[in-house]
Amino acid sequence: MSKQLLRSGTSIGANIKEGVRAQSKADIYAKLCIALKEASETEYWLELLIESGYYYDKTILDRCVEVKRILIASINTAKENTK
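Residues numbered from 1 in each chain as written. Predicted model: local features only at pLDDT ≥ 70, side-chain atom pairs only at ≥ 80, totals over all residues. Heavy atoms only, no water.

### Focus: the nonpolar core
Generally speaking, nonpolar side chains in soluble globular proteins are found buried as a group.
Here is step 1 of the chain: Judged by nonpolar contacts, I12, L32, A35, L36, A39, L71, I75 and A78 together constitute the single largest core of eight residues.
Here is step 2 of the chain: A total of four residues in this core trace back to one element, the largest contributor, which is helix α2 (residues 25-51).
Here is step 3 of the chain: In this structure, W45, L46, L49 and L61 belong to the second largest nonpolar core, which totals seven residues. (Core = buried A, V, L, I, M, F, W, Y, C linked by side-chain atoms within 4.5 Å. Buried < 20%, exposed > 50% of the residue type's maximum accessible area, 1.4 Å probe, protein only. Helix = DSSP H or I, 4+ residues; strand = E, 2+ residues; numbered from the N terminus.)

Here it is, written out as structure tokens:
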């Protein structure tokens, strides 16, 4: 679980960083969508770790949910800008 969490968690930032240097608005949108998928996967792994008792602090889960909200807002903005 920890390896999957590390992969998905670091992929969020990597895709956002790629989106910053995207070649088109559509590319930005695509990178943000991938980052959101990775954030959802990260949320899943965090929920499993917390529910299984391997990790107790829910603050990181709350922050992950907040990152997802920010990504959703950014995706909506990017979607509007590609029209």
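### Let's talk about helix α3 (residues 59-81)
Because an α-helix packs 3.6 residues into every turn, residues spaced three or four apart end up facing the same way.
Here is step 1 of the chain: For α3, spanning 23 residues, the distance from its first C-alpha to its last is 33 Å, which sits close to the expected 33 Å at 1.5 Å a residue.
Here is step 2 of the chain: Listing the buried residues of α3 in full gives L61, C64, K68, L71, I75 and A78.
Here is step 3 of the chain: Residues of α3 that are buried sit in contact with α1 (2-20) and α2. (Expected span 1.5 Å × (residues − 1). Contact = heavy atoms within 4.5 Å.)

### Remarks on the environment of L48
Here is step 1 of the chain: When you line up the elements, L48 lands in helix α2.
Here is step 2 of the chain: Residue L48 is classed as partly exposed on the basis of its relative accessible area, which comes to 27%.
Here is step 3 of the chain: In the structure, L48 is positioned 17 residues away from V65 in sequence and 15 Å away in space, judged by C-alpha atoms.

### Focus: a nonpolar patch on the surface
Here is step 1 of the chain: A cluster of nonpolar side chains, namely M1, Y54, Y55 and I60, defines an oily patch on the protein surface of about 420 Å² accessible area.
Here is step 2 of the chain: You can see Y54 is positioned in the loop between α2 and α3. (Patch = residues over 30% accessible without salt bridge, like charges linked within 9 Å, V, L, I, M, F, W, Y side chains within 5 Å. Areas by Shrake-Rupley, 256 points an atom, 1.4 Å probe, with all protein chains shown as cover. Salt bridge = Lys/Arg side-chain N within 4 Å of Asp/Glu carboxyl O.)

### Considering the packing of α1 against α2
A pair of packed helices is captured by two measures, namely the crossing angle of their axes and the spacing between those axes.
Here is step 1 of the chain: Closest axis-to-axis distance for the α1/α2 pair is 8 Å, and the angle between their directions is 160 degrees. The pairing of α1 with α2 is recorded here as roughly antiparallel in orientation. When the axes of α1 and α2 are compared, the crossing they make is left-handed. Along its contact with α1, which presents Q4, L5, S8, G9, S11, I12, N15, I16, E18 and G19, the element α2 presents I28, K31, I34, A35, E38, A39, E41, T42, W45, L46 and L49.
Here is step 2 of the chain: Broken down by class, the residue content of the contact of α1 with α2 amounts to 10 nonpolar, seven polar and four charged. (Axes fitted to C-alpha atoms, helices over the stretch in contact; angles between N-to-C directions. Parallel < 35°, antiparallel > 145°, perpendicular 65-115°, else oblique. Left-handed = near helix turned anticlockwise from the far one by under 90°. Nonpolar A, V, L, I, M, F, W, Y, C, P; charged D, E, K, R; others polar.)

### Describing the side chain of T42
Here is step 1 of the chain: Residue placement: T42 occurs in helix α2.
Here is step 2 of the chain: For T42, the side chain forms a polar contact with the main-chain nitrogen of G9, separated by 3.2 Å.
Here is step 3 of the chain: Leaving out residues up to four positions away in the same chain, T42 has contacts with L5, S8, G9, I12 and C64. (Polar contact = N/O pair within 3.5 Å; in protein donor to acceptor, adjacent residues only side chain to side chain.)

### What about the state of the cysteines?
Here is step 1 of the chain: Per the counting criterion, the structure on display carries zero disulfides.
Here is step 2 of the chain: With no disulfide of its own, C33 has C64 as its nearest cysteine by sulfur position, at a separation of 16 Å.
Here is step 3 of the chain: Judged by its relative accessible area of 21%, C33 is partly exposed. (Disulfide = S-S within 2.5 Å.)

Shape is all these values report; function is a separate question.
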